[in-house]
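# Examining the three-dimensional arrangement
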Amino acid sequence: MYAPSLLDPAAESLKLSDVCGATQVAREARTLLGERFSSVTFMYVLMRAYEVEYTAARDASRWHEFHGGPRALSDADLEELLAPWLDR
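Residues numbered from 1 in each chain as written. Predicted model: local features only at pLDDT ≥ 70, side-chain atom pairs only at ≥ 80, totals over all residues. Heavy atoms only, no water.

## Observations regarding the overall build of the protein chain
Rules: Strands are runs of DSSP state E lasting at least 2 residues, helices are runs of H or I lasting at least 4, and numbering of each runs from the N terminus. Computation of the radius of gyration draws on C-alpha atoms alone. For the globule rule, the value is 2.2 Å times the number of residues to the power 0.38. Buried residues are those whose accessible area, probed at 1.4 Å on protein chains only, stays under 20% of the maximum for their type, while exposed residues exceed 50% and partly exposed ones sit between those limits. Contact criterion: two residues are considered in contact whenever any of their non-hydrogen atoms come within 4.5 Å of each other.
The helix and strand tally for the protein chain stands at five helices and zero strands. Mapped from its N terminus to its C terminus, the protein chain presents α and β elements in the order α-α-α-α-α. For 88 residues, the compact-globule estimate of 2.2 N^0.38 gives 12 Å, and the C-alpha radius of gyration of the protein chain, at 12 Å, lies within 12% of that figure. In terms of overall dimensions, the protein chain has C-alpha extents of about 35 × 30 × 20 Å along its principal axes. Buried positions account for 34% of the 88 residues belonging to the protein chain. Contacts spanning at least 24 positions in sequence make up 53% of the contacts within the protein chain whose residues lie at least 6 apart.

Given below as structure tokens:
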């Protein structure tokens, strides 16, 4: 696990970035985190940057570009899931 001091700059950059929509946010988070990217770090950055609730951030970490399998979220599912936080 990474210390918050290593992840907070990515969260702040994500919050200030000019991206719209959950899929763009997710791709930007992956870019910002680089080798530190994992489902856990993605969740942390989402919660810090957009105040996404834990359960929603956990579910978002199953997006199909990050995690495969039968429970993976589609782009549309991710957009719907994160809309309450990203539309603020």
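Once the structure has been displayed, the description carries forward.
## Considerations on the packing of aromatic side chains
Note the threshold: In this scheme Phe, Tyr and Trp rings, the latter by its six-membered ring, pair at centre separations within 6.5 Å, and the angle between planes marks the pair as stacked below 30 degrees, edge-to-face above 60, and tilted otherwise.
Summed over all chains, the structure comprises four aromatic pairs. Pairing W63 with F66 gives two aromatic rings, centres 4.7 Å apart and planes at 75 degrees, and the pair type is edge-to-face. W63 sits in the buried class, given a relative accessible area of 0%. Taken together, the ring pairs in this structure connect F37, F42, W63 and F66 into an aromatic cluster.

## Observations regarding the packing of helix 2 (residues 22-33) against helix 3 (residues 39-50)
Put simply, the test is: Axes here mean lines fitted to C-alpha atoms, for a helix over just the part in contact, with angles spanning 0 to 180 degrees between N-to-C directions. Angular relationships are summarised with four words: roughly parallel below 35 degrees, roughly antiparallel beyond 145, roughly perpendicular across 65 to 115, and oblique for the angles in between. When the near helix sits turned anticlockwise from the far one by under a right angle, the crossing is termed left-handed; a clockwise turn instead gives a right-handed crossing. Ten residues, namely Ala, Val, Leu, Ile, Met, Phe, Trp, Tyr, Cys and Pro, are considered nonpolar, four, namely Asp, Glu, Lys and Arg, are considered charged, and the remaining ones, Gly among them, are considered polar.
Contact pair helix 2 / helix 3: the axes reach a minimum separation of 10 Å and the direction vectors enclose 115 degrees. By the angle between their directions, the pair helix 2 and helix 3 is classed as roughly perpendicular. As for how helix 2 packs across helix 3, the hand of that crossing is right-handed. Contacts from V25, A26, A29 and L33 of helix 2 reach helix 3 at T41, F42, V45, L46 and Y50. Each residue belonging to the contact of helix 2 with helix 3 can be placed in one class, and the counts come to eight nonpolar, one polar and no charged.

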